[in-house]
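Listed below are the residues making up each chain.
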Amino acid sequence: MREVFPRRRERRERKLGDGRETWRVPRTQNPRLSQLLLSETNRVWPQTLQSAHPPAAWLSTSGISRPSSTLSTCHSCHKGIPDALILLLSSPRPCMRQGSGVPGASSGATIFALSSGQGRCGIAVIRTSGPASGHALRSLTAPRDLPPARSACLRLLSHPRSGEPLDRALVLWFPGPQSFTGEDCAEFHVHGGPAVVSGVLQALGSVPGLRPAEAGEFTRRAFAHGKLSLTEVEGLADLIHAETEAQRRQALRQLDGELGHLCHGWAKTLTKALAHVEAYIDFGEDDNLEEGVLERGGSLKGWGHLASQPLEVPSLHPLHLLASTANSEVRELELALGAHLRDARRGQRLRSGAHVVVAGPPNAGKSSLVNLLSRKPVSIVSPEPGTTRDVLETPVDLAGFPALLSDTAGLREGAGPVEQEGVRRARERLEQADLILAVLDASELASPSSCNFLDTVVAPTVAGSPSGDSQRLLLLLNKSDLLPPGGLDPSPNLPPHLLLSCLTGEGLDGLLEALRKELAEVCGDPSTGPPLLTRARHQHHLQGCLDALGHYAKTRDLALAAEALRLARGHLARITGGGGTEEILDVIFRDFCVGK
């Protein structure tokens with residue numbers, strides 16, 4: 001809204017010779033345009049003042065206002081104004097994404113890289129992006145004409161200097177801006193042998209104006225040309241690195257722009273509120289303000305807390321107060337931001353993996369369970385108690401969710417110093433766990449070690465913390481194959497549990513289903529609900545937005561209220577790529593491979 005309602009308009013007034021009328025020249029956001037506008041005003045208007053008519057065509061296109069209702073319809077007075085200035089003033093502002101103009105997306109260089117990954121394969125994809133892509137395609141192919149746009153053609157590739165044949169390949173031509181990067185792009189689908197790939201890359205390197213691409217440079221150019229927002233770029237990176245079904249679903253949702261659309265909706269709410277505040281600051285005392293502009297949103301009560309400040313609100317006319325509707329929407333936005341921030345850790349767990357800790361007394365079968373879930377021999381299994389004396393970690397896919405599975409030492413007292421250090425580390429990991437798999441020997445539930453574990457670990461965790469941010473726990477009774485035919489004796493003091501035999505695999509399906517439900521609560525379900533916040537920077541900017549809205553609700557100064565809304569909107573813009581610094585962009589794009 002800064003382009004529409006400057007918070008403190010600086011008006012330059014020129015009185016006519018007879019003193020009858022005044023025209024105002026607003027200061028624009030472009031300093032060069034402001035200077036040009038002022039200079040042309042000083043040069044042209046003296047020539048037109050004899051007829052007491054300003055250049056009407058210029059006024060109508062530039063947005064220059066005049067309080068008088070007797071605006072001249074004379075169309076001959078603007079002849080002295082340069083056509084370039086009229087065109088500049090009347091041209092609409094180009095619609096560009098916030099990420100446009102990012103350094104590193106130079107249109108002067110054409111880049112090339114292998115996009116399909118290293119190693120032998122059936123087909124390898126080599127792509128180019130930049131103004132010389134068409135020349136590169138002509139240089140390597142015969143015949144030399146470009147193929148139809150977005151159509152695959154079989155061509156013989158040869159070295160542009162020696163003419164040596166390199167391969168028979170499918171080539172595709174993507175003229176900009178209808179391409180991934182928004183620039184002219186070409187793709188070479190060659191046979192995936194190392195010699196073929198190396199030969200084509202060397203041939204492209206010999207074409208003038210081409211250079212090898214840096215890591216993530218193709219995606220960075222797509223962001224710079226408005227093809228992807230920053231959240232979509234992050235979704236693409238997550239999709240490339242996705243290892244589980246849940247990660248793939250979440251990455252696809254973010255790549256589709258769901259998080260970006262959510263932030264744009266929030267920003268629209270703030271823009272509406274900011275427009276009302278800026279409108280009052282700029283035009284609240286203007287007699288020529290269009291009637292009813294500020295009262296379309298509601299009544300006086302929306303900004304009643306400002307009415308007590310005579311310095312900022314000189315009267316109680318409806319045009320001088322923010323609408324209640326806009327304020328109610330801002331309050332609803334505060335609630336939505338708070339809810340997303342409370343769930344912020346879930347998205348980060350989904351991206352990096354939930355911390356699942358296997359704990360229990362010695363010889364309960366913890367290491368056997370870790371080996372069973374990870375499908376590989378991570379831990380040593382022995383009938384001797386205290387075999388595991390350190391924390392062993394392995395990343396696993398648990399029911400479609402990423403997890404870092406930790407095997408810990410058996411919790412007991414009276415062991416040697418080395419094992420006691422392992423017990424200390426085990427208790428430390430329990431405090432950091434997102435989900436605890438508590439393992440007990442089903443045939444020895446009455447043992448002192450089992451009872452102590454139930455009292456010190458299971459019972460407090462199941463009860464939960466007073467803050468409501470409690471850990472989650474699954475109680476597993478292992479070695480069910482050792483139970484008598486009648487099964488486990490019912491015990492009123494035993495919490496809800498699952499029976500499992502790591503030896504036979506009985507009960508594993510029930511455990512995986514329980515893990516799926518628990519991890520969906522811990523990480524969030526990517527197939528339902530609102531989009532998740534998968535990065536720490538998302539949480540940082542949403543918290544900054546919420547803090548700014550808190551200042552907005554407390555302030556009794558209209559200028560400070562507008563600044564708070566502007567700051568809140570700026571935090572939302574940075575999530576999708578507006579106003580991001582070069583350092584932040586470097587961190588994001590460095591996770592991409594070369595060729596993407």
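Criteria and cut-off values
Residues numbered from 1 in each chain as written. Predicted model: local features only at pLDDT ≥ 70, side-chain atom pairs only at ≥ 80, totals over all residues. Heavy atoms only, no water. Buried < 20%, exposed > 50% of the residue type's maximum accessible area, 1.4 Å probe, protein only. Helix = DSSP H or I, 4+ residues; strand = E, 2+ residues; numbered from the N terminus. Pairing = 2+ DSSP bridges. Expected span 1.5 Å × (residues − 1). Phe/Tyr/Trp six-rings, centres within 6.5 Å; stacked < 30°, edge-to-face > 60°. Lys NZ or Arg CZ within 6 Å of the ring centre and 35° of its normal. pLDDT = per-residue confidence, 0-100. Contact = heavy atoms within 4.5 Å. Salt bridge = Lys/Arg side-chain N within 4 Å of Asp/Glu carboxyl O. Polar contact = N/O pair within 3.5 Å; in protein donor to acceptor, adjacent residues only side chain to side chain.

Enquirer: If you had to explain helix 6 (residues 217-224) to someone new, which residues and values would you point to?
Expert: With respect to burial, helix 6 is a largely interior element, eight of its eight residues being buried. Buried residues of helix 6: Glu217, Phe218, Thr219, Arg220, Arg221, Ala222, Phe223 and Ala224, and no others. After helix 6 finishes, the residue Gly226 shows a positive phi value of roughly 80°.

Enquirer: Quick one: what's the story with the sheet that holds strand 11 (residues 392-398), residue by residue and with numbers?
Expert: Strand order in the open sheet formed by six strands is 11-12-10-13-14-15, and the pairing between neighbours is mixed. Every other strand in the sheet has two partners, leaving strand 11 and strand 15 (498-499) as the edge strands with one partner each. Pairing geometry for strand 10 (residues 354-359) and strand 12 (residues 401-407), over five bridges, is parallel. Looking at the pairing, Val357 lines up with Ser406 of strand 12.

Enquirer: Pulling in residues and values, what's your account of helix 16 (residues 536-554)?
Expert: Under the 1.5 Å per step criterion, the end-to-end length of helix 16 is 27 Å for 19 residues, consistent within 8% with the ideal 27 Å. Regarding helix 16, the residues found buried are Arg537, His538, His541, Leu542, Gly544, Cys545, Leu546, Ala548, Leu549, Gly550 and Tyr552.

Enquirer: Requested: an account of the packing of aromatic side chains, with residues and values cited.
Expert: Taken as a whole and assessed by the stated rule, the structure comprises zero aromatic pairs. Its end group placed over the ring of Phe218, Arg127 keeps NZ or CZ at 5.0 Å from the ring centre.

Enquirer: I'd like a rundown of the confidence of the model for the protein chain, residues and numbers included.
Expert: Within the protein chain, residue pLDDT values average 75, and 69% of them lie at 70 or more. Note that pLDDT drops below 50 for residues 36-106; the model gives that stretch 103 contacts with residues more than four away or on any other chain.

Enquirer: Now, about unusual backbone geometry: what can you tell me, with residues and values included?
Expert: Going from Gly176 to Pro177, the amide bond is cis rather than trans, its omega being 5°. You can see Pro177 is positioned in the loop between strand 7 (165-174) and strand 8 (185-192). Although it is not a glycine, Asn363 sits at a positive phi angle of roughly 60°. You can call Asn363 partly exposed: its relative accessible area is 31%.

Enquirer: Report on the pattern of salt bridges, specifying residues and quantitative values.
Expert: Between side chains of opposite charge, a pair can form when the charged atoms approach closely. Evaluation of the coordinates by the stated rule reveals 22 salt bridges. One salt bridge connects Glu419 with Arg412, and the closest N-O pair in it is separated by 2.7 Å. For Arg516, the salt bridge is made with Glu513, and the minimal N-O distance between the two is 2.7 Å. Taken together, the residues Arg516 and Glu513, both in helix 15 (residues 508-523) and three residues apart, mark about one turn of the helix.

Enquirer: Describe the side chain of Thr128, naming the residues involved and giving the relevant values.
Expert: Positionally, Thr128 belongs in strand 4 (residues 121-129). Given a relative accessible area of 0%, Thr128 falls into the buried group. Of the polar contacts made by the side chain of Thr128, one reaches the side chain of Ser133; its length is 3.0 Å. When near neighbours in sequence (up to four residues on either side) are disregarded, Thr128 contacts Ile111, Phe112, Ser133, Asp184, Cys185, Ala186, Phe188, Leu204, Leu210 and Phe218.

Enquirer: Can you explain the environment of Leu512? Please cite residues and give values.
Expert: In this fold, Leu512 is placed in helix 15. For Leu512, a relative accessible area of 26% corresponds to the partly exposed category. A sequence separation of 112 residues divides Leu512 from Gly400, and the C-alpha atoms of the two residues are 9.7 Å apart.

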